[in-house]
Amino acid sequence: MYRSLSIGLALVATSYSLVAQNGWEASPAFALPTRELSISRPAQPRMPFSVAGEAGAIFGQGDGSFEAWAFPVKIASHFRITAELEGYPIPIELSEYASVIEVNPERTTIIYSHAAFTVKQHMFSGRGPGATGPVVFFEIAALRPLTLTFRFTADMLRMWPAPNFGLPNAEWVKTGDSGYYILHTDNDAFSGAIGIPGALPGVLAPYQERPRTYALELKLPFNPKTQSGKFFPLLMAAGTTAPSVSKQLLDLSKNWAVQFSQTADYYFHFFDGRMVAETPDAKFNLAMQWAELAIDQAQVRFRGKAGVETGLIAGYYSSADSARPGFGWFFGRDTLFSLYAVNSYGDFALSRRALEFLLRRQRADGKIMHEFSQAADLVDWSATPYFYASADSTPLLVMTMWDYVWASGDLDFLRAHWPEVKKAWAFTRAHDSDGDGIYENTEGTGWVESWPSGMPHQEVYLAALDRQSCTAMSKLAAEMHDPAIASAARAQAETIRAKMAAEYYDKDRKFYAFSRNRDGSLDQTATVFPTLAWWDGSLELPRAETMFERWASAEFSTDWGIRDVSRQEAIYDPMSYHQGSVWPLYTGWTAMAEYRAGRPFAGYAHLMQNADLTFSQDLGAVTELLSGEFFQPFGRSSSHQLWSSAMVLTPAIRGLFGLGVDALHHTIRVHPQLPPTWESAALHNVKVGGASFDVSFRRENNKLTVEASSSDAQLLCLTGGADCVPASARTHRIELNLPAFEVAVPHSLPVAGSPTMFAKILSQSESEFIVEGQAGTAADIDIRFRRPPIQISGAILQGGKVLVGFPKGSGYQRVTVRFQW
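Residues numbered from 1 in each chain as written. Predicted model: local features only at pLDDT ≥ 70, side-chain atom pairs only at ≥ 80, totals over all residues. Heavy atoms only, no water.

1. Brief notes about the environment of Ala70
Step number 1: With respect to the secondary-structure elements, Ala70 resides in strand β6 (residues 66-70).
Step number 2: Residue Ala70 is classed as buried on the basis of its relative accessible area of 3%.
Step number 3: Note: C-alpha distance between Ala70 and Thr132 (62 residues apart in sequence) is 7.9 Å. (Helix = DSSP H or I, 4+ residues; strand = E, 2+ residues; numbered from the N terminus. Buried < 20%, exposed > 50% of the residue type's maximum accessible area, 1.4 Å probe, protein only.)

As structure tokens, this is what we get:
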């Protein structure tokens with residue numbers, strides 16, 4: 001007969017008061033919630049997972065090993081478990097028996113399955129008031145008594161680049177029949193503690209022994225007849241003195257179950273007011289929700305000299321033996337690109353917190369920060385090269401401020417921060433060393449941080465941001481009743497637009513250059529970076545048709561996303577950071593540009609690549625970058641990357657669904673470009689300032705009906721583009737024309753390690769589309785007609801699909817499919 005036991009591991013943040021040692025006892029077991037948002041798969045030893053929250057995180061691998069952080073301190077790492085079963089004289093390493101990983105919003109579970117027992121390793125990171133960090137607790141069912149040995153490295157490392165105080169020494173402190181370790185560093189004011197009620201110490205080398213570092217051990221006997229129905233928490237704390245961390249352990253042993261309940265409740269209500277997509281594609285719906293969750297889990301509380309703040313970190317990954325967990329710092333441009341997604345799904349409170357975190361660190365001359373360590377207040381951060389390293393955060397701040405105001409209608413926030421916004425825009429105007437009117441890379445990196453021919457003078461990426469920043473500034477100034485700045489910014493935007501079209505375009509290659517040199521010559525490398533010209537919809541570059549076709553083709557487009565550099569360029573290197581790798585960020589930029597340019601067939605393919613990556617590596621999150629040649633993330637890719645998840649949401653909401661929310665004028669503009677297989681779809685909790693709507697899309701009589709409804713009458717203008725006068729009603733309805741035909745290649749990711757093989761739609765018009773595929777293969781493509789054609793060439797119509805055969809030869813071959821009505 002099986003009986004069960006649960007034990008828990010918890011980390012807590014710093015506390016400084018004293019307490020007597022008591023209350024060291026087990027907690028009653030509780031039921032764990034079930035979720036519709038659960039994702040699971042067989043455990044894979046090298047696949048990472050992240051369990052992140054505001055006060056700490058756990059980063060691990062599919063074999064169950066992990067490291068634990070109470071920000072900004074890594075307390076322990078290389079955590080593993082060995083079981084010794086009564087009457088079964090062999091040690092059993094649980095990492096070899098990891099069978100399943102299951103990810104829920106409030107917890108992640110690794111299941112170890114042996115013929116004689118099952119162990120479930122539940123992990124969560126506390127959310128809400130009083131949350132102190134991540135927690136891990138183990139649930140055990142066994143046939144007979146066993147002993148679990150928890151083996152780990154005690155680290156006590158403050159996040160890089162803060163100074164540290166050597167490997168900690170462990171002192172066993174007896175408490176009743178059990179006890180815990182005090183972790184002493186070479187600084188008496190920096191200590192830790194770890195223990196399990198009921199556990200005994202493992203290796204404790206006496207001072208007479210030869211110096212050697214041993215992993216710490218906690219040995220917990222388990223008898224299924226007498227110890228079932230309770231949780232035995234493994235507690236960890238980081239603080240100042242030994243008495244202070246002792247108090248934390250005792251306090252946490254009494255309230256960690258309450259913290260779990262609070263965290264579960266937070267996620268139970270998470271989507272009460274946030275956007276939810278309802279479409280025929282259940283996997284896409286799930287990816288949308290997990291993208292919002294992944295962004296939310298990138299929030300970190302920072303306790304600095306100015307008090308407690310909350311900012312967004314760039315990404316997470318195991319730190320191994322280092323003191324930095326992936327991109328676990330606060331990043332300016334990563335935050336700002338991601339806030340377009342946050343504004344889209346309506347979490348305006350998060351947008352305000354993130355913007356204010358950056359504005360508090362604005363340099364006196366107006367420049368916006370690039371990187372800020374979670375341990376920045378422990379060093380002279382202003383003396384490091386990281387704080388203001390990039391040039392792009394500053395124009396992005398102006399752009400994102402407008403996007404927030406446009407979506408939220410929050411003019412009070414703009415008024416409160418108008419001086420900082422003006423300083424940021426003035427900074428970009430003051431840094432134009434060649435006098436061409438365009439902000440340039442002399443003030444830091446634009447996009448690339450290295451380039452084979454040397455660092456660029458003025459990237460097309462930065463020029464595109466500068467143009468959109470000027471447009472945003474003109475609109476912000478108009479709302480602030482500052483006509484002088486509004487006029488100047490509007491004129492500057494037009495100057496930049498004209499110069500980009502004239503000076504960056506290569507007529508021979510029909511492509512916009514990567515960068516412009518100081519002498520006016522161009523670096524004509526074909527890259528993805530001109531896509532930024534379509535980011536916010538205020539700028540479009542002319543003569544871009546060939547460029548879009550190349551982005552959609554296998555020259556740039558893999559089966560898992562977009563390379564930043566053409567595969568035909570001499571500098572192409574699919575394993576480099578900036579010259580050929582695939583970033584979901586680039587894929588999102590490209591999908592957004594394709595939707596805005598009226599190329600939804602390619603936009604859909606790229607959007608769905610990002611959505612499908614949600615289920616590929618770190619379940620529920622999207623990785624940082626992948627090989628440009630084979631479907632595999634880089635070994636150092638941050639597996640939970642903030643802006644990668646954001647690039648599921650922004651092109652979906654603003655591109656596929658075509659939503660443009662103007663809260664200042666109570667308006668929702670819609671330009672939906674849905675895939676042909678969707679009869680209907682809906683977005684729930686669409687925020688227009690303080691109002692909330694459900695927006696539905698339904699095909700009826702060769703039209704697309706769009707409705708925006710609310711629980712009570714709301715002032716709204718729902719339009720397909722033209723201006724209209726807002727009216728008060730519970731339901732607002734319009735009809736839109738559908739295109740003559742719609743197509744989409746069914747989406748999926750390839751098998752790990754695969755090269756690019758899938759068919760790709762390159763371009764479209766009213767009567768044809770061009771598709772490419774591997775020579776000698778065929779592709780089934782979903783299609784829908786507004787009315788049936790009388791003739792089709794280049795493909796065979798089979799029900800709701802067209803079958804396209806590609807000519808023999810080598811590599812990718814192109815076919816034009818034409819329709820006649």
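Moving on, there is more to tell.
2. A closer look at helix α8 (residues 483-503)
Step number 1: Compared with an ideal rise of 1.5 Å per residue, which puts 21 residues at 30 Å, α8 spans 30 Å between its outermost C-alpha atoms and is within 8% of the ideal.
Step number 2: Restricting attention to buried positions, one finds in α8 the residues Ile485, Ala486, Ala489, Gln492, Ala493, Ile496, Met500 and Ala501. The buried residues of α8 all sit within an arc of 165° when viewed along its axis, so they share a single face. Among the exposed residues of α8, those oriented more than 90 degrees off its buried face are Pro483, Ala484 and Ala502.
Step number 3: Structurally, α8 contributes buried residues whose contacts are with α6 (411-430), α7 (460-479), β27 (505-506) and β28 (511-512). (Expected span 1.5 Å × (residues − 1). Arc of directions from axis to C-beta. Contact = heavy atoms within 4.5 Å.)

3. Thoughts on the sheet that holds strand β43 (residues 796-798)
Step number 1: Pairing within the open sheet is antiparallel, and its four strands lie in the order β38-β41-β44-β43. Of all strands in the sheet, those bounded by a partner on one side alone are β38 (741-744) and β43. When the angles between neighbouring strand axes are averaged without regard to direction, this sheet yields 35°.
Step number 2: Looking at chain direction, β43 and strand β44 (residues 801-805) are connected through three bridges and run antiparallel. By the bridge assignment for β44, Leu797 is matched with Val802. (Pairing = 2+ DSSP bridges. Axes fitted to C-alpha atoms, helices over the stretch in contact; angles between N-to-C directions.)

4. Here's the deal with the sheet that holds strand β29 (residues 515-516)
Step number 1: Strands sit in the order β26-β29-β30 across an open sheet of three strands; the sheet is antiparallel. Both edges of this open sheet fall to β26 (458-459) and β30 (522-523), since each of them pairs with a single strand only.
Step number 2: Pairing of β26 with β29, which is carried by two bridges, proceeds in the antiparallel orientation. Within the sheet, the bridge partner assigned to Glu459 lies in β29 and is Ser515.

5. Considering the packing of aromatic side chains
Step number 1: Considering all chains together, one arrives at 76 aromatic pairs under this definition.
Step number 2: Consider the rings of Tyr461 and Phe529, whose centres lie 6.5 Å apart with planes at 70°: the pair is edge-to-face. One end of the pair, Tyr461, is in helix α7; the other, Phe529, is in the loop between β30 and α9 (545-552), with 68 residues separating them in the sequence.
Step number 3: Arg158 extends its terminal NZ or CZ atom over the ring of Phe190, reaching a point 5.7 Å from the ring centre. (Phe/Tyr/Trp six-rings, centres within 6.5 Å; stacked < 30°, edge-to-face > 60°. Lys NZ or Arg CZ within 6 Å of the ring centre and 35° of its normal.)

6. Section: the packing of helix α4 (residues 348-359) against helix α5 (residues 393-408)
Step number 1: At a minimum axis separation of 11 Å, α4 and α5 run at an interaxial angle of 155°. Looking at the two axes, α4 sits roughly antiparallel to α5. Once α4 is placed against α5, the crossing between them reads as left-handed. Within the contact between the two elements, α4 uses Phe348, Ser351, Arg352, Leu355 and Leu359 and α5 uses Leu397, Thr400, Met401, Tyr404, Ala407 and Ser408. (Parallel < 35°, antiparallel > 145°, perpendicular 65-115°, else oblique. Left-handed = near helix turned anticlockwise from the far one by under 90°.)

7. Topic: empty space enclosed by the protein
Step number 1: Summed over the entire model, instances satisfying the criterion amount to three cavities of 30 Å³ or more.
Step number 2: In terms of lining residues, the largest cavity is bounded by 22 residues, among which Ser50, Val51, Asn104, Thr108 and Gln297 are the most central.
Step number 3: For the lining of the largest cavity, the elements supplying multiple residues, two or more each, are β4 (48-52), β11 (117-125), α1 (242-268) and α2 (282-296).
Step number 4: In terms of residues, the lining of the largest cavity owes the most to one element, β4, which gives four residues.
Step number 5: Here the residues of the lining of the largest cavity sort into eleven nonpolar, eight polar and three charged.
Step number 6: Taken together, Asp63, Gly64, Ser65, Phe79, Arg80, Ile81, Leu94, Ser95, Tyr112 and Gln121 make up the lining of the second largest cavity. (1 Å grid on protein atoms, 1.4 Å probe; cavity = no way out; pocket = protein on both sides within 12 Å on 5 of 7 lines; lining within 4 Å. Points joined across faces, edges and corners; volume = space filled by probe spheres on them. Nonpolar A, V, L, I, M, F, W, Y, C, P; charged D, E, K, R; others polar.)

8. A few points about unusual backbone geometry
Step number 1: Going from Phe71 to Pro72, the amide bond is cis rather than trans, its omega being 5°.
Step number 2: Relative to the helices and strands, Pro72 is located in the loop between β6 and β7 (73-85).
Step number 3: A cis geometry characterises the amide bond from Trp160 onward to Pro161, with omega recorded as 10°.
Step number 4: Turning to its location among the elements, Pro161 is positioned in the loop between β13 (146-158) and β14 (169-175).
Step number 5: One non-glycine residue, Ala320, lies in positive phi territory at about 60°.
Step number 6: With respect to the helices and strands, Ala320 occurs in the loop between β23 (315-316) and β24 (330-331).
Step number 7: Owing to a relative accessible area of 47%, Ala320 belongs among the partly exposed residues under this scheme.
Step number 8: Of note, the phi angle at His666 is positive, near 50°, even though the residue is not glycine.
Step number 9: When you line up the elements, His666 lands in the loop between β32 (659-662) and β33 (667-670).
Step number 10: Take His666: its relative accessible area is 35%, and that puts it in the partly exposed class.

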